[in-house]
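Chain by chain, the residues:
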Amino acid sequence: MECQVCVDSIESIENAIKGGADGIELCSNLFEGGITPSLGMIRMAKKKLEEWKEKENKKVEMRIMIRPRSGDFCYSEEEWNVMKEDLFICKQEGGIDGIVFGILTTEANIDFNRCQQFVKYISFYSLISLITLFKLMF
């Protein structure tokens, strides 16, 4: 069984690695349910995971949460555009194994239209792993 750990600090990354995590889900503000981490945090996390890989010869995968704010998962058009821009930044940054996201309609159903659009943007990745709303909500 694979172990993925949600983390929002370098200390949490170190603890997850030492605890045997196979992967991390990097976010910011985990107390509020997690939001998209800063580019600085992404870069520092990549550096920490590279150091671990060189030291222990073990790759720990990193997925980035794409979520513009805490609260519900119903996003305005402006928030949706922020999510697409965050995804573009992750693509440009490289060294990321996947993303974590969740998008609902105002009726609290999965927003399949936006999820499908997001998958089109994701197709630029050579290797991607999606963990959708179910991971975030249940």
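Whatever comes next refers back to the structure up there.
Small disclaimer: the values here were computed from a predicted structure and weren't measured.

Draft legend 1. A look at the overall build of the chain. When its secondary structure is counted, the chain shows 5 helices and 5 strands. Ordering the α and β elements of the chain from the N terminus gives β-α-β-α-β-α-β-α-β-α. Residue burial in the chain is summarised as follows: out of 138 residues, 38% are buried. Accessible surface, the chain as shown: approximately 7,800 Å² in total, 54% of it carbon and sulfur.

Draft legend 2. A look at the environment of Ala 21. Along the chain, the position of Ala 21 falls in the loop between α1 (10–18) and β2 (23–26). On the accessibility criterion, Ala 21 (2% relative accessible area) is buried. Sequence separation between Ala 21 and Glu 2 is 19 residues; the distance between their C-alpha atoms is 7.8 Å. Beyond its immediate chain neighbours, meaning those up to four positions away, Ala 21 contacts Cys 3, Val 5, Ala 16, Lys 58 and Val 60.

Draft legend 3. Region of interest: helix α2 (residues 39–56). Taking 1.5 Å per residue, 18 residues should reach 26 Å; α2 reaches 26 Å between its end C-alpha atoms and fits that length. Those residues of α2 lying buried are Met 41, Ile 42, Ala 45, Leu 49 and Trp 52. Mapping the buried residues of α2 onto a view down its axis gives an arc of 100°, with all of them on the same face. The exposed set on the far side of α2, more than 90 degrees from its buried face, consists of Glu 54 and Lys 55. Tucked inside the fold, the buried residues of α2 contact α1, β2, β3 (61–65) and α3 (77–93).

Analysis parameters
- Residues numbered from 1 in each chain as written.
- Predicted model: local features only at pLDDT ≥ 70, side-chain atom pairs only at ≥ 80, totals over all residues.
- Heavy atoms only, no water.
- Helix = DSSP H or I, 4+ residues; strand = E, 2+ residues; numbered from the N terminus.
- Buried < 20%, exposed > 50% of the residue type's maximum accessible area, 1.4 Å probe, protein only.
- Areas by Shrake-Rupley, 256 points an atom, 1.4 Å probe, with all protein chains shown as cover.
- Contact = heavy atoms within 4.5 Å.
- Expected span 1.5 Å × (residues − 1).
- Arc of directions from axis to C-beta.

That's the geometry; what it means functionally is another story.
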